[in-house]
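Each chain is listed here by its residues.
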Amino acid sequence: RKEVEQDPGPFNVPEGATVAFNCTYSNSASQSFFWYRQDCRKEPKLLMSVYSSGNEDGRFTAQLNRASQYISLLIRDSKLSDSATYLCVVKRDTGRRALTFGSGTRLQVQP
Amino acid sequence: NAGVMQNPRHLVRRRGQEARLRCSPMKGHSHVYWYRQLPEEGLKFMVYLQKENIIDESGMPKERFSAEFPKEGPSILRIQQVVRGDSAAYFCASSPQDRTGELFFGEGSRLTVL
């Protein structure tokens, strides 16, 4: 089983739609959580951290459910420029200290 | 402040040749990570280094792959006797400390093995 699982998509949504991505992680030692964004053939970039209480950054809302080992990302009022692959990322505080990336969920926002 | 610099951006090798990929971290960053991304797949951790030390190489194949981050100069990922399955994008990332969740990635080096 992969340490971080994501639905690969693609999610095809019209501009202005609200879309949600989910992610599950298997290692309960995971302590920190993030969403990264990767445009086609580009490098990944940090979108936002995910905090236990949930957090919002403009149109983006991230939530964490430690009991279910589940992370979500909600994008409201989708823009064409949101089209990208969204990577769910976890970090353990023991064992491997590097970030572990999910395979990503592809979003295509259509006009 | 230049970002993470990787070179070459594109590298073509024939089977059996060696590939050397270089990475200069962002200024002030002493932690370097190498990830590999196969077409249509996610990023797979390979190795984590600090200056002159390999901290975690649990993601590195046991044979043909090696990495270093010398006191002076860039980090180097070396692949000996390349095979077609080594064709991938190799991303380097750096961070100022290992407690951060933000890695700054280079644009990647795309290796094609003929």
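Residues numbered from 1 in each chain as written. Chains lettered and ligands numbered in written order. Predicted model: local features only at pLDDT ≥ 70, side-chain atom pairs only at ≥ 80, totals over all residues. Heavy atoms only, no water.

(A) Summary view of the pairing of strand β7 (residues 65-68) of chain B. Residue and element names in this part refer to chain B. Residues Phe 65 and Ala 67 of β7 are buried on one face, while the alternating residues Ser 66 and Glu 68, pointing to the opposite face, are not. Across 4 bridges, the pairing between β7 and strand β8 (residues 75-79) is antiparallel. Considered in β8, the bridge of Phe 65 is made with Ile 79. (Buried < 20%, exposed > 50% of the residue type's maximum accessible area, 1.4 Å probe, protein only. Helix = DSSP H or I, 4+ residues; strand = E, 2+ residues; numbered from the N terminus. Pairing = 2+ DSSP bridges.)

(B) How the structure looks around the side chain of Ser 83 of chain A. Residues and elements named next belong to chain A. Take Ser 83: it is sitting in the loop between β8 (70-75) and β9 (84-92). What makes Ser 83 buried here is its relative accessible area of 19%. Of note is the side chain of Ser 83, whose polar atom sits 2.9 Å from the backbone nitrogen of Val 109. The residues contacting Ser 83, other than those within four sequence positions of it, are Arg 37, Asp 39, Leu 107, Gln 108 and Val 109. (Polar contact = N/O pair within 3.5 Å; in protein donor to acceptor, adjacent residues only side chain to side chain. Contact = heavy atoms within 4.5 Å.)

(C) Layout of the pairing of strand β6 (residues 53-56) of chain B. Residues and elements named next belong to chain B. Relative to β6, strand β5 (residues 43-50) runs antiparallel, the two being bridged by 3 bridges. Counted as the bridge partner of Gln 50 is Asn 53 from β6. Counting the residues in the hairpin turn of β5 and β6 gives 2 residues, including Glu 52, whose phi is positive at 65°.

(D) Representation of the state of the cysteines in the model. Residues and elements named next belong to chain A. Counting across every chain of the model gives 2 disulfides over all chains. At a sulfur-sulfur separation of 2.0 Å, the disulfide partner of Cys 23 is Cys 88. Note on the Cys 23 and Cys 88 pair: the S-S dihedral is about -75°, so by sign convention the disulfide is left-handed. Linking Cys 23 in strand β3 (residues 19-25) with Cys 88 in strand β9, this pair joins segments that are 65 residues apart in sequence. On the basis of relative accessible area, Cys 23 is assigned to the buried category, the value being 0%. The buried category is assigned to Cys 88, whose relative accessible area is 0%. (Disulfide = S-S within 2.5 Å.)

(E) Main features of the pattern of salt bridges. Summed over all chains, the structure comprises 9 salt bridges over all chains. A salt bridge links Arg 76 of chain A to Glu 56 of chain A, with the shortest nitrogen-to-oxygen separation between them at 3.6 Å. You can see Arg 76 of chain A sitting in the loop between β8 and β9 and its partner Glu 56 of chain A sitting in strand β6 (residues 55-57), a full 20 residues away along the chain. Take Arg 76 of chain A: its relative accessible area is 27%, and that puts it in the partly exposed class. The closest approach of N and O atoms between Arg 9 of chain B and Glu 107 of chain B, which form a salt bridge, is 3.0 Å. Taken as a pair, Arg 9 of chain B in the loop between β1 (5-7) and β2 (10-13) and Glu 107 of chain B in the loop between β10 (104-105) and β11 (109-113) lie far apart in primary sequence, 98 residues in all. Linked by salt bridges that have partners in common, Glu 18, Arg 20 and Arg 78 of chain B make up one network. (Salt bridge = Lys/Arg side-chain N within 4 Å of Asp/Glu carboxyl O.)

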